Amino acid sequence: MFLKSASGHVPAMTSDDREPRLSLFALTMLVGSAFLTIGVAVQTLNLPYGMWFTEVFIFLGIPFAMARVIGQDPLRGARTSAPRASSISLGAAVGIANYAAWAIPLQGGMQRVLPRAWSEYFDSAQLFQELSRPALVVVLGAVLIAAPLCEEYFFRGVLLRGLTKRYSGTWAVVFSAILFAAFHLDPVGFFARLELGLVFGWLTLRSGSLWAAVAAHAANNAVAMALLRIFETNETSALPEWELLGVAFLVGNGLLWPLLWAFRRLPAADAENGIEARRRQSLVRALAPWACAALVGVAVSLALDGPRWREGLAALNAPRAASTQSAKE
């Protein structure tokens, strides 16, 4: 299934390899630290805005700004060449078939094997309970639009591209998929997201463009949201039986492998001739537009959804108040 690159070999050293660049390790640590601190805090304060904040300003904004700091084109270097309709449509079909073939069996199997308390604690359906209709629309927009675009930009556009300069395509896809799964902070869904990362990475390398993976990611999330809605509406257990997992595996793979074969036959996107050099920007100048946009977003969200922010602030302060009371006693 995997390949060393879109052309079948390890990419040769090009002119952009000699350009100054931010260490992939440093960038990953920076994005991860921002996600675990700022991102988690903002999502706790206000889930609808926090999900958009995490995707747009952490997974997209930070690597985009860092590319400007080191003088690289943040879009050209992330395989954002013009999308092909055939690549996007096949990518979406792969995302749907793969969800049945692997995501459902892996997720459902782990829910059956691991303690039930784990499944309940990491149940993503809980995130959408007691959300108003407008808030639910905002969250769905984050899941179906922001997440596919921004996460694919970082994990496949930036991280995978950098890894292919140091490792074969297969290992680059594996490493980026492991990080993709780990960033979701969900041990129950780890292997399902690991497999998704492998598929998204393969689509990116095979097509030479980011858009097939974006389409597959969006289709995967759309199916997941639809099933969550069905389970919630029908009050059905979210833990499928082993027989149903087996049917999903067989039917899904019967659809998936012909789609992957068809995708292999599509022409790859035009190769990029290195990364266009740009004038370097200072860190402050590169981050300023993203910081201003984030503050505007906070202001708009506060004006439209102030009570949720107050509830989130109370939730953040609760552990601190409990610990202070315990110390007094």
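Residues numbered from 1 in each chain as written. Predicted model: local features only at pLDDT ≥ 70, side-chain atom pairs only at ≥ 80, totals over all residues. Heavy atoms only, no water.

Q: Describe the pattern of salt bridges, naming the residues involved and giving the relevant values.
A: Scanning the entire structure with this criterion turns up three salt bridges. Linking Arg-308 and Asp-305 is a salt bridge whose minimum nitrogen-to-oxygen distance equals 2.8 Å. You can see Arg-308 and its partner Asp-305 sitting in helix α10 (residues 283-328), three residues apart, about one turn around the helix. (Salt bridge = Lys/Arg side-chain N within 4 Å of Asp/Glu carboxyl O. Helix = DSSP H or I, 4+ residues; strand = E, 2+ residues; numbered from the N terminus.)

Q: How would you explain the side chain of Ser-209 if you had to name every residue and give the values?
A: The residue Ser-209 is located in the loop between α7 (190-207) and α8 (211-234) in this model. Among the polar contacts made by the side chain of Ser-209, one reaches the main-chain amide nitrogen of Trp-211 at a distance of 3.4 Å. The contacts of Ser-209, once residues within four sequence positions are left out, are Arg-79, Ser-81, Leu-203, Thr-204 and Ala-269. (Polar contact = N/O pair within 3.5 Å; in protein donor to acceptor, adjacent residues only side chain to side chain. Contact = heavy atoms within 4.5 Å.)

Q: How would you sum up the confidence of the model for the protein chain? Please name residues and give values.
A: Chain-level pLDDT for the protein chain is 85 on average; 84% of the residues reach the 70-or-more range. Across residues 4-21, where pLDDT falls below 50, the model places 28 contacts with residues more than four positions away in sequence or in other chains. (pLDDT = per-residue confidence, 0-100.)

Q: Outline the side chain of Thr-164, supporting the account with residue identities and numerical values.
A: Counting through the fold element by element, Thr-164 comes out in the loop between α5 (133-163) and α6 (169-183). On the basis of relative accessibility, which here comes to 6%, the residue Thr-164 falls in the buried class. Among the polar contacts listed, one links the side chain of Thr-164 to the backbone oxygen of Arg-161, at a separation of 2.6 Å. (Buried < 20%, exposed > 50% of the residue type's maximum accessible area, 1.4 Å probe, protein only.)

Q: Provide a residue-level description of unusual backbone geometry, including the pertinent values.
A: If you check the backbone angles, Arg-79 has positive phi at about 60° while not being a glycine. Inspection of the secondary structure puts Arg-79 in the loop between α2 (47-69) and α3 (85-113).

Q: Account for α7, with residues named and values stated.
A: When the terminal C-alpha atoms of α7 are compared, their 26 Å separation across 18 residues agrees well with the 26 Å that a helix rising 1.5 Å per residue should span. Across the 18 residues that make up α7, a large majority, 14, are buried. Downstream of α7 by one or two residues, Gly-208 has phi in the positive range, about 75°. (Expected span 1.5 Å × (residues − 1).)

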